[in-house]
Amino acid sequence: MMKSFRGGVHPNDSKSYTASKPIETAPLPDKAIIPVRQHIGAPCSPIVAKGDLVKKGQLIATTDAFVSGNVHASISGKVIDVGDYPHPVFGTCLAIVVENDGKDEWVEGIPLKRDWQDLDTDSINKIIREAGIVGMGGATFPTHVKMAVPKDKKAEAFILNAAECEPYLTADHRMMLEQSDRIVTGVKIAMKALGVTKGYVGIEDNKPDAIEAMKKAFSGTGVEVVGLPTKYPQGAEKMLIKVLTGKEVPSGGLPLEVGVVVANVGTAAAICDAVTQGLPLIQRVTTISGKAIKEPKNILVRVGTTFEDAINFCGGFASTPEKIISGGPMMGMAEPSIDLPIIKGVSGILAMAEGESNTGTESSCIRCGRCLNACPMGLNPSMFSILGERGHFEEAVQDFNLLDCVECGSCVYVCPAKRNIVQYVKYCKAQNAAKKAAGK
Amino acid sequence: MEYFTLFMGAVVVNNFVLTKFLGLCIFFGVSKNLSASAGMGIAVTAVMVMSSALAWLIYNFILLPFGLTFMTTAVFVLLIASFVQLLEMVIKKYSPALYNMWGIYLLLIATNCIVLSIPLINVESSYGFLYSLVNAVGSGLGFALAIVLMASCREKLRLADVPKPLEGIGIAFIIAGMLALSFLGFSGMIG
Amino acid sequence: MSTEHTPKEYSIFQIAINLTITCFISGIIIAGVYFISHPVAVKNAAAKEMETMQVLVPEADKFTPIEGEEDWYAAEKGGETIAYVVPGETKGYGGKIGMLVAVNADGSVIDYQILVANETPGLGDKAGKEPFKSQIIGKTSDHLVVTKDASNKEDVQAMTGATISSKAVTKGVKEAVDGVVEYVGGVK
Amino acid sequence: MAEVKSNKELFNVSVSPHIRSKESVSKIMWTVNICLAPAALFGAYYFGLNAILILVAGVVSAVFFEWAVQKIRKKPVTVKDGSAFLTGLLLAMCLPPTLPWWMTIVGSFIAIVIAKHAMGGLGSNIFNPAHIGRAALMVSWPVAMTTWSKMTTAADVVSSATPLNVLKMQGHEALIDTFGNASNMYQALFLGTRNGCIGETCTVLLVLGGLFLIYKKYINWQVPVVMIGTVGILTWIFGGLVDPAGSLGFFAGDPLFHIMAGGLIIGAFFMATDMVTIPMTIKGQIIFAAGAGVMTVMIRLLGGYPEGVCYSILLMNCLTPLIDRFCQPKKFGARG
Amino acid sequence: MNTAIMVVLVMTGVGLIFGLILAFANKAFAIEVNPLIEIVEEALPKGQCGACGYAGCAAYAEAVVLDPDVPPNLCIPGKKPVADEVAEITGKKSAEVEPQVAQIRCNSGIAESTKKYNYVGIEDCIAASLVQGGPKGCQYGCMGFGTCAANCPFDALSMGENGLPIVDQKKCTGCGKCASVCPKHVIAMSPIGEPVSVLCNSKDKGAAAKKVCSVACIGCGACKKSCPYDAITVENNLAVVDGKICLEKCNNPICLEKCPTGAIVPLTEDAKKASVVIKEAAAKAKAEKAAQAAQAKKEEK
Amino acid sequence: MNSLWSEFKKGIIAENPIFVLALSLCPALAVTSSATTSLTMGLSVMFVITMNNCVVSLIRNVVNPKVRVPVYITSIATIVTVVQLALQAYAPALYDALGIYLALIVVFAIILARAESFASKHTLIPSFFDGLGMGVGFCVALVIIGVLRELFGAGSIFGVKLLGDWYNAPLIMILPAGGFMLIGYLIGGWKMLVQHMEKKEAERSEA
Ligand SMILES: Cc1cc2nc3c(=O)[nH]c(=O)nc-3n(C[C@H](O)[C@H](O)[C@H](O)COP(=O)(O)O)c2cc1C
Ligand SMILES: Cc1cc2nc3c(=O)[nH]c(=O)nc-3n(C[C@H](O)[C@H](O)[C@H](O)COP(=O)(O)O)c2cc1C
Ligand SMILES: Cc1cc2nc3c(=O)[nH]c(=O)nc-3n(C[C@H](O)[C@H](O)[C@H](O)COP(=O)(O)O)c2cc1C
Ligand SMILES: Cc1cc2nc3c(=O)[nH]c(=O)nc-3n(C[C@H](O)[C@H](O)[C@H](O)CO)c2cc1C
Ligand code: SF4
Ligand code: SF4
Ligand code: SF4
Ligand code: SF4
Ligand code: FES
């Protein structure tokens, strides 16, 4: 039996809607709304103007900041606007709108053929940076930053995060079944760039077919494919590292402190495309699911396609949805509308029918301790909600390690009093940041 | 064994705060947070032991031989007040850190029932010198225990939705009532 | 919290004399009051003690202190000792219980009164009242034992819910009786 | 407030997570009520009319007081969550079957109004409300609270004292005498055909209820096990030393008797597990349970009362905030 | 008699000994503390609101006594009397403290505004603003969860029926705590008695603002043009009134009538009356004009 | 005159030494299990505090600040000893009932607090009224507590049986636990009373 991490929860995984649906390619949108900020880090500045003609894969926004990710046109056509548009994460954001000319032409020079074996670490990282690859597990952290190992640290292992522990989502699952070559190549490239020989693939054991497929694909590569107990948040990188290597990433530290780099399945595939063919990140596989969707699907979709288009491709709504979520139900964001572009980090779009998503009515904490037992980070979530409610955010940070919370939502899931702990955590973090900023 | 019984009796069974109502001003005034109340508990114990010793000497060598027992109160209170003030000055001078921690409570101690009553009880019950000291230590620790428990409860209730009028001292009294109720469990255990 | 804004300097003598004078005046006042009140207090205390003893032994016309035994009195009627009034002390539920016990020369209890006690009102403090009192009165040392057995009519029945006080008071009385018996020289 | 009625056209937006488990406070509370019900019903059957009156008075008044306080404080009324029902039920189950019913109402007033709502209502109280209610009744009317009727249903357990009382006052031998022989005694203790508080006598039904709660993960098994274990071990070691009939020496106590007598079973399974008033971490709960066990034994063997479960739990309740402070969970990735 | 003499002797002796000890200790252990700190603290109103910029009244007392650069008038709730007292104690000069009250610069209640989504979560403005910017259509407007009211140390704010906070001008000390907690920065501290103000905080362009709120300031500048004293400026599509100018100079708030959306609002009784008069006059003028036009038309015919 | 009245009045309600200032709490519990002892203690304290305020206001200018506290305490101790001696001589029963708490009047914080914060800054007359007001407030609080505890805990007031034999008095009222809880609620009630009065006052001043 696999070692497990402490805490965690077992929500109903609801993956059967789409687990057996092969990835379908969504039609090109009439116009793509491409925000200049699709990642953690500095926003990019547009380098095209209204009226310019762009081709697929053309760089349209960039920046010198290291922690950032280039933005490329996902379709070819005319730039019809550069302005503020709704954004699934930031509310509104500067976006470049490209009107489809229907030609879907690549920009000059790609696709190309490149033998990755010949490349050294720096050139691989350069390619990844130029391709605008960011983490596709949802956090959208620029991958080239992650791959750049500082001098004083040494990477020892690479972990492919294929846990896909969020309920409903099956995009990674389908990719592993259908596109194992891309994934394997991506992992090999990453391992070469990092200079490591040890690799792991962690997959939750509710996807036996994927474990099978990966084992086959990775046979003889020295990469260990491991079936992990199904338990949310198995895919959180600290948990994954703990389970696979037995090491605990120190509080506030990065995986590299224990010599590990973690990347998502989609990220690995994107690395493969970029390095072997020179393709920038302009599309992704995402899961459209939920009871309010007529035909839930896994779709390959261009960045900038609106939620509405994607949902229409899945037959539209079966009933009036009560809630729209970008990402999974545990960590995803509820969205106020479906006029939003799909960006690099949108791993799923869920339309929840009435009663499907359930947040309950908050009552006072009865100190039952379930949240303590569920918290994978070993925190005391009940205190976050209580202290947050009374405005004692400093105490939450200092005495209860609030900043260690990864907002996984396990505590909220199990709470019988339906406490909005994650919201209190966000609240406390925001207040604490504001206070710090004011202090400076 | 006799000393042990006396000591345990003073700490829990006949806890001065919860069964004899002494030292309530500080008990309610300084129990808002845990570290302050722990400091206070120690301070009270220290002052009580030292003044008990002095008081015992004065009583047995001056007041008793000259038949001046009716003046005990006046002399003791003067003794304690001066002693506390002296202590305050010494601490302020030599350990400002300590002073910042519980200097402010020292003056409160000077006008606190429990500090005066222990020496009084000691001499009234004609306890011996050592016995008096043990009684003082036990009572002081009993006070410390009670105030620390009180503070931990109040720290918890600070985050609770206590009815407005009861907030602060009111709810503290109610907790004290429940502490006293719980401590009845010890009744009959010793003495 | 003095109102002057700049602290002044004082000499040691100035400070010391200040307190000394206060104490001197205080001493005079206390001494004065004591001088007046003390005799009254002594007189009242004595009168009260007599009164108490009178209640315990109503037939007596005189109480004379017994030499050699502190606070012991012989109750006399027409010059003849009819009883002894002696103090007793025990430890009850709420601490010390002090009492006065009137004992016949033959070692039986005439009456007793609890003077100081901290027993629970409504429970332990019933030990000084009827019907508990009448159980004790008349008994001799042998039967001054508390029982909880309802069928035992010889000994003292414990008060419901206050066994401790019952035992304590009974023990106090018994000790007083034993003391008297010993003093009288084992008269039975 | 600005809350307009939820508009069907608009989506709901809230912070993640968007799915929640099916557990709720009221589900937990009502389950506990149901687990207690068999033992309560047994008490009602065995002790008769007055016991039924006490149970009804306890529950109805507790629910009423909760409703009234919340109305007066203009807070949302939450009597349906079953916690007041539970407090009333537990209080009634810990009272002697002969108690005048109106005293039960005074007890539940103290439990609900003073011990629970003065401290901020469900979840904020420091002391176990039912126990505060019981302890308050104990000091208010000690005679009524320690008067036991002669049993009528089972002819051979005629005694007007509880077994623990007999043990304390008359010793172990006398205790066995009241039941005839030792196996009769254990049987009576196990089945509940003995004197005692209404709901505390029937060991078997209480244990079954408790096991169901453990199975449902509503309580941690460590708490009853540690508390009962501590009492068992300590009474075994020291129980013989303080027998009124003379010391029997070490290891001469009767742990089985001590475990089943008095309120230990109901206390360990249903009251030392009240999550509101005990530490939150398992470590803290074990400390709590062990402490409560030690206190119980101290009170039973050394103290003025024959039974100590109620006070031991209250005394540990006082310590809970301190225990909580020093037993925080170990955070992930803590250095060292 | 003997006892009485002993009493006096012992008392005096005790007094002398303790007096000497204390006096000696006083010399031996003397250290400098500034007694003024306590006196100043005593004078402060103890709201512990932090409006002075220090962590509470005691901290300010210490700072104002020890640091010569700290002015004595930082305590806003205390207003002038406290400032004067502190100034007197510390020997510093007390400058004028401007009396201020909180003003809610958004007039869009439930009826006047649109909603973006149904908010489900903690009833608190800061928490709600973290969820997609809050449920109100206008991202600059008051969300009405009452965080300001809950944080007012002087109990001067309450939430009105329409979901907007109401300032009790008598209780408001102008400490600014509410303004600092409001995540939308809707609350401004303004001079007491200001006759009119633009109660809107929206920096959206006119059309966008109008779409989500019926009483929005659309930044059209009509008010600015009408104001004879240049008290109004328009920046970021939002008009702002300089209350001090109005207070000093204006007694005929003509701007009120010019605003097409009614975003500019009379605040004082006088201004309200004046506004009615102006509006009536305007209506009359309009009616007259219409009548004249009709007349003219008729005549034409 | 008006200001003297307000000096007097504040001690009774708005700054009640027990319910509001929470000073000198020990006697509020210890001697209040009957109304009679409450009243006696209340009157004793009232006497001491008033006297002491007068003494302090008279000597305030000659007292050296370095020994202020000991001097004030000496003054209090003297007055208390006088009361003690007087009670012992003329009312021995009460003297016994008050027990050690009579001696402890010396350290009741309210007395020193008034001396320090009021009498040492004011002249004789205001100090007298301040002391009297505080004393009355103290006495009123004690008597309220005493009456309630005696009534509920024994069915009588000042020893006079009011409730009949049907009344089965709960002992908790005369025990520590009940005393604490009762005072807790009285403090809460007092707070509401003070707020209510302030509101009334404000309304009146507005009108
Ligand atoms: C609670 C939690 C759950 C997560 N679950 C997954 C997951 O199921 N799959 C995944 O790829 N990443 C998941 N992540 C993100 C990973 O921690 C990590 O960011 C990711 O594996 C890094 O790869 P990327 O940068 O390529 O996205 C999760 C993160 C958290 C905090
Ligand atoms: C400011 C910042 C700096 C980071 N630096 C590195 C880094 O140097 N190397 C690395 O492997 N990951 C780095 N990360 C990525 C995180 O370890 C993590 O992969 C990312 O936050 C997403 O993880 P999640 O999806 O589990 O939340 C950094 C993240 C942040 C926010
Ligand atoms: C508040 C309270 C006060 C008590 N006071 C007394 C008392 O004054 N005297 C006494 O003997 N027992 C008192 N007890 C009861 C004893 O603790 C003990 O229970 C009793 O003596 C057992 O005797 P029983 O067998 O007669 O019930 C009191 C109990 C409580 C709860
Ligand atoms: C397992 C469990 C045990 C409980 N035990 C008690 C109890 O002993 N006494 C009580 O008043 N309430 C008990 N409750 C109910 C509830 O927690 C109680 O009303 C709160 O203490 C009131 O805030 C219990 C609840 C649960 C789930
Ligand atoms: S959201 Fe934070 S506190 Fe809650 S379980 Fe996850 S890490 Fe722990
Ligand atoms: S799970 Fe909910 S009710 Fe239980 S302790 Fe945590 S926050 Fe409180
Ligand atoms: S437009 Fe102005 S008035 Fe309207 S909601 Fe926004 S801030 Fe408020
Ligand atoms: S003014 Fe600000 S804090 Fe107050 S209710 Fe409106 S948004 Fe919330
Ligand atoms: S009166 Fe204040 S401590 Fe006793």
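How each quantity is defined
- Residues take numbers from 1 onward in each chain, read along the sequence in its written order.
- Chains carry letters from A onward and ligands carry numbers from 1 onward, assigned in written order.
- For this predicted model, a pLDDT threshold of at least 70 governs which residues receive local features, and a threshold of 80 or more governs which side-chain atom pairs are given and counted, while totals over whole chains, interfaces and linings are taken from all residues.
- Neither water nor hydrogens contribute to the side-chain values; these are computed over all heavy atoms in the structure.
- By the convention used here, residues are in contact when the closest approach between their heavy atoms is within 4.5 Å.
- By buried area we mean how much accessible surface two parts lose on assembly, using a 1.4 Å probe and totalling the loss over both.
- For this analysis, a salt bridge means a side-chain nitrogen from Lys or Arg found within 4 Å of a carboxyl oxygen belonging to Asp or Glu.
- Pairs of N or O atoms within 3.5 Å make up the polar contacts considered here, provided that, within protein, one atom can donate a hydrogen while the other can accept it, and that residues adjacent in sequence are counted only when both atoms are side-chain atoms.
- For helices the rule is a DSSP run of H or I covering at least 4 residues; for strands it is a run of E covering at least 2, with both sets numbered from the N terminus onward.
- Near, as used in this document, describes a residue that has one of its heavy atoms within 4 Å of the molecule or strand being considered.
- Computed with the Shrake-Rupley method and a 1.4 Å probe, the accessible areas treat only the protein chains shown as cover for residues.
- Residues are grouped as follows: Ala, Val, Leu, Ile, Met, Phe, Trp, Tyr, Cys and Pro are nonpolar; Asp, Glu, Lys and Arg are charged; all remaining types, including Gly, are polar.
- Definitions used throughout: a 1 Å grid over protein atoms alone; a cavity as a set of points that fits a 1.4 Å probe which cannot get out; a pocket as an open set with protein on both sides within 12 Å along at least five of seven lines; a lining residue as one with an atom within 4 Å of a point.
- Grid points are joined across faces, edges and corners, and a volume is the space filled by probe spheres set on the points.
- Domain start and stop positions are those given by an automatic or database domain assignment.

A few words on the interface of chain D and chain A. With 37 residues of chain D at the contact, the number on the chain A side is 65 residues. Summing the contributions of chain D and of chain A, the shared interface buries around 4200 Å²; its carbon and sulfur component is 56%. Area buried by chain D at its contact with chain A is led by D:Arg20, D:Met280 and D:Phe332, which between them contribute 22% of it. Remark: the boundary between chain D and chain A carries two salt bridges. A salt bridge links A:Asp404 to D:Lys331; the nearest nitrogen and oxygen atoms lie 2.9 Å apart. Joining chain D to chain A, the criterion identifies 22 residue pairs in polar contact (both at pLDDT 80 or more). Among the secondary structure elements, those contributing two or more residues to the side of chain D that touches chain A are β1 (12-13), α1 (25-47) and α15 (309-326) of chain D.

Residues and elements named next belong to chain A. Contacts to ligand 1 come from 18 residues, most closely from Gly137, Lys146, Asn161, Asn264 and Thr267. In the model, an oxygen atom of ligand 1 is placed 2.6 Å from a nitrogen or oxygen of the Asn161 side chain. Measuring from a nitrogen atom of ligand 1, one finds a backbone N or O atom of Gly235 at 3.4 Å. Here ligand 1, which alone exposes 600 Å², has 89% of that area covered by the protein. Considering each element in turn, the shell around ligand 1 owes the most residues, three residues, to strand β12 (residues 260-264). Of the residues belonging to the shell around ligand 1, the class tally is nine nonpolar, six polar and three charged.

Okay, the site of ligand 8 next. For ligand 8, the full set of nearby residues is E:Cys125, E:Cys142, E:Met143, E:Gly144, E:Phe145, E:Gly146, E:Cys148, E:Met159, E:Pro165, E:Cys182 and E:Ile187. Residues belonging to the shell around ligand 8 are distributed by class as follows: nine nonpolar, two polar and no charged.

With that settled, the discussion passes to empty space enclosed by the protein. Residues and elements named next belong to chain D. Going through the model one piece at a time under the given rule, you end up with 12 cavities of 30 Å³ or more. Empty space within the largest cavity amounts to approximately 290 Å³. If you go around the largest cavity, you meet 22 residues; those closest to its centre are Met29, Leu86, Leu90, Asp274 and Met275. Among the elements of the structure, α1, α3 (83-93), α5 (129-140) and α13 (264-271) are those that each provide at least two residues to the lining of the largest cavity. The greatest single-element share of the lining of the largest cavity, amounting to four residues, is contributed by α3. The class makeup of the residues in the lining of the largest cavity is 15 nonpolar, five polar and two charged. The two domains that each donate at least three residues to the lining of the largest cavity are domain 1 (25-145) and domain 2 (163-195 + 219-325). Of the volumes computed, that of the second largest cavity is approximately 200 Å³. In terms of lining, the second largest cavity is formed by 18 residues, of which the most central are Arg134, Trp148, Thr162, Pro306 and Glu307. Elements with a contribution of two residues or more to the lining of the second largest cavity: α5 and α7 (163-170). Looking at the lining of the second largest cavity, the element that brings in the most residues is α7, giving three residues. Here the residues of the lining of the second largest cavity are counted per class, giving nine nonpolar, five polar and four charged.

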